[in-house]
Amino acid sequence: MMEETHLKTTNQPTSPVLLEVTGQEVLTLKLVGRLDATTTGKAWQKALGLLEQEKPQDIVIDAEGMTYCDLSGIGLLLELKRRQMRVGSEIEIRGLRPEFHELLTLFDPMEFDEPESKTDEPFNVPKEVGQATTKVWEDIQALIEFVGEACVALFRVLLNPRQVRWRDTFFVAESAGVNALPIIALISFLIGLIMAFQAAIPMRQFGAEIFVADLIGLSMVRELGPLMTAIVLTGRSGSAFAAELGTMKVNEEIDALTTMGLDPMNFLVVPRMVASLFMTPLLTVFSNLMGVIGGALVLLTLGYPLITYFNEVYAAVTIGDFLGGLVKSFVFGVLVAGVGCLRGLQTKIGPTAVGESTTSAVVGGIVVIVVTDGIFSVIYYYLGI
Amino acid sequence: MNSNQTPIISVQHLITAFGNTVILDNISFDVHPGEVFLIIGPSGCGKSTLIKHMIGLFKPVSGKIFIDGDDIVEAEEDTLQWILRKIGVMYQRGALFGSMSLMENVKLPLEEFTDLPHEAMDLIAMMKLKMVGLKEFRHLMPSELSGGMQKRAAIARAMALDPQILFLDELSAGLDPITSAGLDELVLELTESLGITFVIVTHELPSIYRIADRVIMLDKSVKGIIAMGHPHELREKSDNPYVRRFFNREAG
């Protein structure tokens, strides 16, 4: 029972300040009861509000009835003192218990009066633009440097495959590759289905629904299969790589590796790149297949037999298209893992840093993939593939 | 000291476990108001676990923990929030929010739990930072501080709502003897001027002798308390040879 009442008093604090105005020049503030972190807020507003309103010459604080006062309460007394000192008026504090008075003497009211040293620099357009430009330049430099180092590491691995940490590689291959299969299958199936459906409606007007098979086959195998796989992998694994390596960086694990004489490139980046290099094409093949199946479903509902659809796809898609798509997906795989690892290793200090590098891994990864895809299109066009 | 007052913290027949492993088996003790109460013992004996139970983060298997007369084991979630206002905690690694300056770290509890006007919060936060000697550094970010300063800042944040009890987990871990001595001074100052009760986990023997009013020593073998009392008293009179050896290690 005692606990209950005790809690109630803390729950509903009574206003600890009573105000009295005596005479024209002197304002008497009576502080009553507990003045702690919860109750001081009301008292503060009331006291200072009245001070503004009455604009008295001098203040008397009657602390006779104050039973408890912590640093928040002392803060109020200090603030009142400070206001009075600033305008050169008097303040008298009566009846303050000695233990609270001792607390008050710990602080000098004017010491908190110093101007805030925080100087916000004014917004400077040329400077901001310059900084942003330098940053872009530094980013490109870091990327080139990283690509160089990664290539060297990969070639070294190629010459001596026993250097690769295969256990890690298989682990990454499982988590980034095998476990990504359902989401990639689902997305590719839906893309094939939606594309076929959208294309079938206008093509029907010309009686050309069967050419939906050509459309799906070519666009999935040449473009969308590799591209969708790469984009899903960026979101799924590129971000995971960045977060993993970023957290290691924040926890000084990367520094620990370096001082042990282990190259983080070899130890962390290569397994991820190798895993991604091999898994992305495999997933792309799956993505192609699921897209074509999605298209098949639409044509099936439009009344075409399956065999007609598959014959049409078979006639339209050449082995060159298929291999062209696979070459792309090899490159995408390296890029996704590379950008993810690079951003992870670039992580700065602090808990927000990991978030930043994850974001930039996904954004950077998608940009790099789309740009590379464009380059591939141009090359394939001139090569006649 | 103060042993005839009502205890501010009372732990009664506490049993804690992780899964099937019992960590602390039936321990009881009281902490009196204004006391500097130390929990010591080898790594893995359950010191931090004990603290986490006392601040309501973990629920015990059985037993009661009273803070200022209120049982925090049985308390409902919202009542618990009110009881926990009376305590402040400094975590092992400070746990300052890295994205905020010191000032913002200290102001955060004030902004969330009080209706003080903004200039009042500034003043009160600055008073707290002055108490721990970091007023000049208030605009720095936690990552720009040394280990000792981070602990001081964490103490300032723990003090934001003027708690009656401060829990300090690993007060001097990872600090040099001089910085550690400075923190001991701070603890003594705060308990002297503000009457704060301290519950501290530490390993440093010099620090134990400097600040302790009372010590409990936990041990894995008994899953409980093997010694309780003032360090000098334990050094001379404990009937446990291990305890005597521990307290004699650096004292003589």
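Residues numbered from 1 in each chain as written. Chains lettered and ligands numbered in written order. Predicted model: local features only at pLDDT ≥ 70, side-chain atom pairs only at ≥ 80, totals over all residues. Heavy atoms only, no water.

Draft legend 1. Spotlight on the overall build of chain A. Tallying secondary structure elements over chain A gives 13 helices and 6 strands in all. Relative to its 385 residues, chain A shows a buried fraction of 42%. For chain A, long-range pairs separated by at least 24 residues make up 82% of all intrachain contacts whose partners lie at least 6 apart in sequence. Of the accessible surface of chain A, which amounts to about 20800 Å², a share of 66% is contributed by carbon and sulfur atoms. (Helix = DSSP H or I, 4+ residues; strand = E, 2+ residues; numbered from the N terminus. Buried < 20%, exposed > 50% of the residue type's maximum accessible area, 1.4 Å probe, protein only. Contact = heavy atoms within 4.5 Å. Areas by Shrake-Rupley, 256 points an atom, 1.4 Å probe, with all protein chains shown as cover.)

Draft legend 2. Structural detail: the overall build of chain B. In terms of helices and strands, chain B carries 9 helices and 10 strands. In chain B, buried positions account for 53% of the 252 residues. A separation threshold of at least 6 residues defines the contact pool for chain B, and within that pool the share at least 24 residues apart is 63%.

Draft legend 3. Here's a closer look at the packing of helix 8 (residues 212-250) of chain A against helix 11 (residues 306-316) of chain A. Residue and element names in this part refer to chain A. At a minimum axis distance of 8 Å, the contact between helix 8 and helix 11 shows a crossing angle of 50 degrees. In terms of axis orientation, helix 8 runs oblique to helix 11. Note on packing geometry: the crossing formed by helix 8 with helix 11 is right-handed. In this structure, helix 8 contributes Ala-213, Asp-214, Ile-216, Gly-217 and Leu-218 to the contact, and helix 11 contributes Tyr-309, Glu-312, Val-313 and Ala-316. Per-class residue counts for the contact of helix 8 with helix 11 are 6 nonpolar, 1 polar and 2 charged. (Axes fitted to C-alpha atoms, helices over the stretch in contact; angles between N-to-C directions. Parallel < 35°, antiparallel > 145°, perpendicular 65-115°, else oblique. Left-handed = near helix turned anticlockwise from the far one by under 90°. Nonpolar A, V, L, I, M, F, W, Y, C, P; charged D, E, K, R; others polar.)

Draft legend 4. Structural detail: helix 1 (residues 47-54) of chain B. Residues and elements named next belong to chain B. A large share of helix 1 lies buried, amounting to 7 of its 8 residues. Buried within helix 1 are the following residues: Lys-47, Ser-48, Thr-49, Leu-50, Ile-51, His-53 and Met-54. Looking one or two places after helix 1, you find Gly-56, whose phi comes out positive at around 80 degrees.

Draft legend 5. Just the environment of Ala-158 of chain B, in detail. All names here are of chain B. Looking at the element boundaries, Ala-158 is found in helix 5 (residues 147-158). It is 9.8 Å that separates the C-alpha atoms of Ala-158 and Asn-105, two residues lying 53 residues apart in sequence. In contact with Ala-158, other than residues within four places in its own chain, are Gly-88, Val-89, Met-90, Pro-163 and Leu-166.

Draft legend 6. Focus on the interface of chain A and chain B. With 34 residues of chain A at the interface, the matching set in chain B holds 34 residues. Summing both sides of the interface, chain A and chain B together bury roughly 2900 Å²; the carbon and sulfur share of this comes to 63%. Counting the contacts that link chain A with chain B gives 1 salt bridge. Notably, a salt bridge pairs Asp-115 of chain B with Lys-42 of chain A, separated by 3.3 Å at the nearest N-O pair. Counting across the interface, chain A meets chain B through 5 residue pairs in polar contact (both at pLDDT 80 or more). Only helix 1 (2-11), helix 2 (40-54), helix 3 (71-87) and helix 13 (351-383) of chain A provide two or more residues apiece to the side of chain A that touches chain B. The greatest single-element share of the side of chain A that touches chain B, amounting to 8 residues, is contributed by helix 3 of chain A. Residue composition of the side of chain A that touches chain B, grouped by class: 13 nonpolar, 11 polar and 10 charged. (Buried area = accessible area lost by both parts, 1.4 Å probe. Salt bridge = Lys/Arg side-chain N within 4 Å of Asp/Glu carboxyl O. Polar contact = N/O pair within 3.5 Å; in protein donor to acceptor, adjacent residues only side chain to side chain.)

Draft legend 7. Spatial organisation of the sheet that holds strand 8 (residues 197-201) of chain B. Residue and element names in this part refer to chain B. Taking strand neighbours across the sheet as the criterion, the 6 strands line up as 6-7-8-3-9-10 in an open arrangement whose pairing is mixed. The strands lining the two open edges of the sheet, one partner per strand, are strand 6 (87-90) and strand 10 (224-229). Across the sheet, the axes of successive neighbouring strands diverge by a mean angle of 15 degrees, strand direction being ignored. Pairing geometry for strand 3 (residues 36-40) and strand 9 (residues 214-219), over 4 bridges, is parallel. Within strand 9, the residue paired with Leu-38 across the bridge is Val-215. Helix 6 (residues 177-194) rests against strand 3, strand 7 (165-168) and strand 8 of the sheet, and its axis sits at about 155 degrees to strand 8. Along the sheet, helix 9 (residues 241-248) makes contact with strand 3, strand 9 and strand 10, crossing strand 9 at roughly 125 degrees. (Pairing = 2+ DSSP bridges.)

Draft legend 8. Region of interest: the packing of aromatic side chains. Taken as a whole and assessed by the stated rule, the structure comprises 6 aromatic pairs over all chains. Between Tyr-381 of chain A and Tyr-382 of chain A, the aromatic rings sit 5.3 Å apart at their centres with planes inclined by 80 degrees, giving edge-to-face as the arrangement. This pair shows no difference in class: Tyr-381 of chain A is exposed, exactly as Tyr-382 of chain A is. Lying over the aromatic face of Tyr-68 of chain A, Arg-34 of chain A brings its terminal NZ or CZ to 4.4 Å of the ring centre. It is Arg-85 of chain B that lies over the ring of Trp-82 of chain B; its NZ or CZ is 4.4 Å from the centre. (Phe/Tyr/Trp six-rings, centres within 6.5 Å; stacked < 30°, edge-to-face > 60°. Lys NZ or Arg CZ within 6 Å of the ring centre and 35° of its normal.)

Draft legend 9. Structural context of the packing of helix 7 (residues 181-204) of chain A against helix 10 (residues 264-301) of chain A. Residue and element names in this part refer to chain A. The interhelical angle for the contact between helix 7 and helix 10, taken along N-to-C directions, is 40 degrees, at an axis separation of 7 Å. For helix 7 against helix 10, the interelement crossing comes out right-handed. Along its contact with helix 7, which presents Leu-181, Ile-184, Ala-185, Ser-188, Phe-189, Gly-192, Leu-193, Ala-196 and Phe-197, the element helix 10 presents Leu-283, Phe-286, Ser-287, Met-290, Gly-291, Ile-293, Gly-294, Gly-295, Leu-297 and Val-298. Class assignment for the residues of the contact of helix 7 with helix 10 results in 13 nonpolar, 6 polar and no charged.

Draft legend 10. Molecular detail of a nonpolar patch on the surface. Judged by side-chain polarity, Val-363, Val-367, Val-371, Ile-375, Ile-379, Leu-383 and Ile-385 of chain A come together as a nonpolar surface patch covering roughly 620 Å² of accessible area. Its place among the elements puts Ile-379 of chain A in helix 13. (Patch = residues over 30% accessible without salt bridge, like charges linked within 9 Å, V, L, I, M, F, W, Y side chains within 5 Å.)

Draft legend 11. Spatial organisation of helix 3 of chain A. All names here are of chain A. The end-to-end C-alpha distance of helix 3, which contains 17 residues, comes to 24 Å, matching closely the 24 Å that a straight helix rising 1.5 Å per residue would cover. By the criterion of burial, helix 3 is predominantly enclosed, with 12 of the 17 residues buried. Along helix 3, the residues classified as buried are Leu-71, Ser-72, Gly-73, Ile-74, Gly-75, Leu-76, Leu-77, Leu-78, Glu-79, Leu-80, Arg-82 and Gln-84. A distance of 3.0 Å separates the backbone nitrogen of Ser-72 from a side-chain oxygen at the start of helix 3, and that oxygen is part of Asp-70. Note on helix 3: the residue one or two positions beyond its end, Gly-88, has a positive phi of about 75 degrees. (Expected span 1.5 Å × (residues − 1).)

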